[in-house]
Amino acid sequence: MKPDAHLLAAAATSDGEFMLAARHWSGAVCLRGESWKLALVLEGGKISGAGADAAQPTITLTASDEIWSRLLAAKPPRFYNDVALVIAMGEMTLEADPVHFAQYYPALMRLVELLRPAAAEPAKREEARPSGTFDAPIGRYIHLSIEGQDHRIYFEEAGQGIPLLLQHTAGCHGSQWRHLFECREITDHFRLFAYDLPFHGKSLPPVGPSWWSETYALTGAFLRAVPVGLAQALGLDRPVFMGCSVGGLLALDLALHHPQVFSAVISLEGALKVEGDPASLEAMWHPQVSNEYKARLMNALMCPTSPEAYRKETSYVYASGWPPAFRGDLHYYTADCDLRGLAQKIDTSRTAVHILSGEYDASGTAELGQEAHAAIAGSSWAMMPDMGHFPMSENPEAFLKHLLPVLDQIKAAKA
């Protein structure tokens, strides 16, 4: 069935998410296939016209009918769930001012979602807890000296047994791990510590240096110093480390550089090297582009069948961060960290290495995870079907099915 501009206009006008994302938008968007095309005209954030074309579209997306059929499927195939990914693969052309596209990319992607068949899955709802119920973790601050500067680090703790340090993704904070804290199958055997990196979450910038007048760029030396310093300051005896994305790369980095500190690492969405073009990151921190852009872009890295409420929560955390943090963290992720030619030195008899990769992750892909596994003798690797870049927060119930067997192996090795 060919998309209908008038039906799309009616659906978008009655859709709260689209109307919020399209606020103040004056322009026209045109979607083109081989056998069809449609256009919507907007004035001040409201749709004022719909048809087959627009006189002067400000955003035009063009692809073959086959590519559009993948993108508009109820469950799009891997890497065809978002226009940003399809554009990056060279299978869709974009005609637009880059800033204008970034500003209204969330609204554009919502239009694409409205063209898909309605999801059959019911909305995810967590079981309501009685008013006054406490969740498991308790938060505290600890001071660490890192590169000669005092940093006040926030962390949350729960559980008993084997210590397990948890590192969040780029530009985010420790709330991503909240579901693990409530899992007794984990906390009966592991003592969890989810910390916020400096400049993230509740770990405020240090008082003293003029950090506001410098470009923030995360380096490997600084990043490694945080979990190593925490392990020492908290008196943890050869803890386990688990990190995702930036933390997934860090897990392998720690196994290489600090095997005496960590007994095992779990690398979520890890890789030896993630390629990145610095020029493509301009919109990540631009005075005319809000945090909504990066939040929606993170949705592109998640599986479209992960519960919507958890996908939106994951994106929300990204929208809440200090604007330069995400791009600054990507310095480590795409430039500073390169374990090619070094990973072979990792001794898994000293530090066990477990790698888990989400099927829909278009950044730390399953192929990159498998490559890291092949380079590290004695490591384990598994792909997590129907999961993306943020398994612990986008689909925590499904993630546990993959994580618990790994934790069982770690427990057995500690016994």
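Just so we're clear, the structure is a prediction, and the values are computed from it rather than from any experiment. (Residues numbered from 1 in each chain as written. Predicted model: local features only at pLDDT ≥ 70, side-chain atom pairs only at ≥ 80, totals over all residues. Heavy atoms only, no water.)

Enquirer: What is the right way to look at the packing of helix 5 (residues 98-115) against helix 10 (residues 291-299) in this model?
Expert: Helix-helix packing is characterised by the crossing angle of the two axes and by the distance between the axes. One can describe the packing of helix 5 onto helix 10 by two numbers: an axis separation of 8 Å at closest approach and a directional angle of 35°. Every pair of crossing elements has a handedness; the one defined by helix 5 and helix 10 is left-handed. Contacts between helix 5 and helix 10 involve A102, Y105, P106, M109, R110 and E113 from the former and E292, Y293, R296, L297 and N299 from the latter. (Axes fitted to C-alpha atoms, helices over the stretch in contact; angles between N-to-C directions. Helix = DSSP H or I, 4+ residues; strand = E, 2+ residues; numbered from the N terminus. Left-handed = near helix turned anticlockwise from the far one by under 90°. Contact = heavy atoms within 4.5 Å.)

Enquirer: Would you mind showing me how to read helix 13 (residues 366-375) here?
Expert: What sets the pattern is the α-helix's 3.6 residues per turn: residues three or four places apart point alike. Restricting attention to buried positions, one finds in helix 13 the residues A366, L368, G369, A372 and A375. Next to the buried residues of helix 13 lie helix 9 (246-257), strand 12 (352-358) and strand 13 (380-384). (Buried < 20%, exposed > 50% of the residue type's maximum accessible area, 1.4 Å probe, protein only.)

Enquirer: Can you help me understand the sheet that holds strand 12 in this one?
Expert: Sheet strands line up and pair through hydrogen bonds in the backbone, either parallel or antiparallel. Pairing in this open sheet of eight strands is mixed, and the strands run 6-7-9-8-10-11-12-13 from one edge to the other. Looking at which strands have only one partner, the edges of the open sheet turn out to be strand 6 (138-146) and strand 13. On average, each strand axis in the sheet is tilted by 20° relative to the strand beside it, whichever way the strands run. Sheet topology places strand 6 next to strand 7 (residues 149-159); nine bridges connect them, and they run antiparallel. In the strand pairing of strand 7, I142 is matched with I153. Relative to strand 6, helix 8 (residues 220-233) is tilted by about 115°, and along the sheet it contacts strand 6, strand 7, strand 8 (162-167), strand 9 (190-195) and strand 10 (240-244). (Pairing = 2+ DSSP bridges.)

Enquirer: What should I look at first to understand the packing of aromatic side chains in this one?
Expert: Geometrically, a pair of aromatic rings is defined through the distance of the ring centres and the angle of the planes. Using the criterion set out here, one finds 15 aromatic pairs in the structure. Look at Y318 and F390: their rings are 5.6 Å apart centre to centre, the planes differ by 70°, and that puts the pair in the edge-to-face class. Of the two residues, Y318 is situated in helix 11 (residues 308-319) and F390 in the loop between strand 13 and helix 14 (391-394); the sequence distance between them amounts to 72 residues. When the ring centre of Y80 is taken as origin, the NZ or CZ atom of R70, which lies over that ring, is 4.9 Å away. The side chain of R152 reaches across the aromatic face of Y141, ending 3.7 Å from its centre. (Phe/Tyr/Trp six-rings, centres within 6.5 Å; stacked < 30°, edge-to-face > 60°. Lys NZ or Arg CZ within 6 Å of the ring centre and 35° of its normal.)

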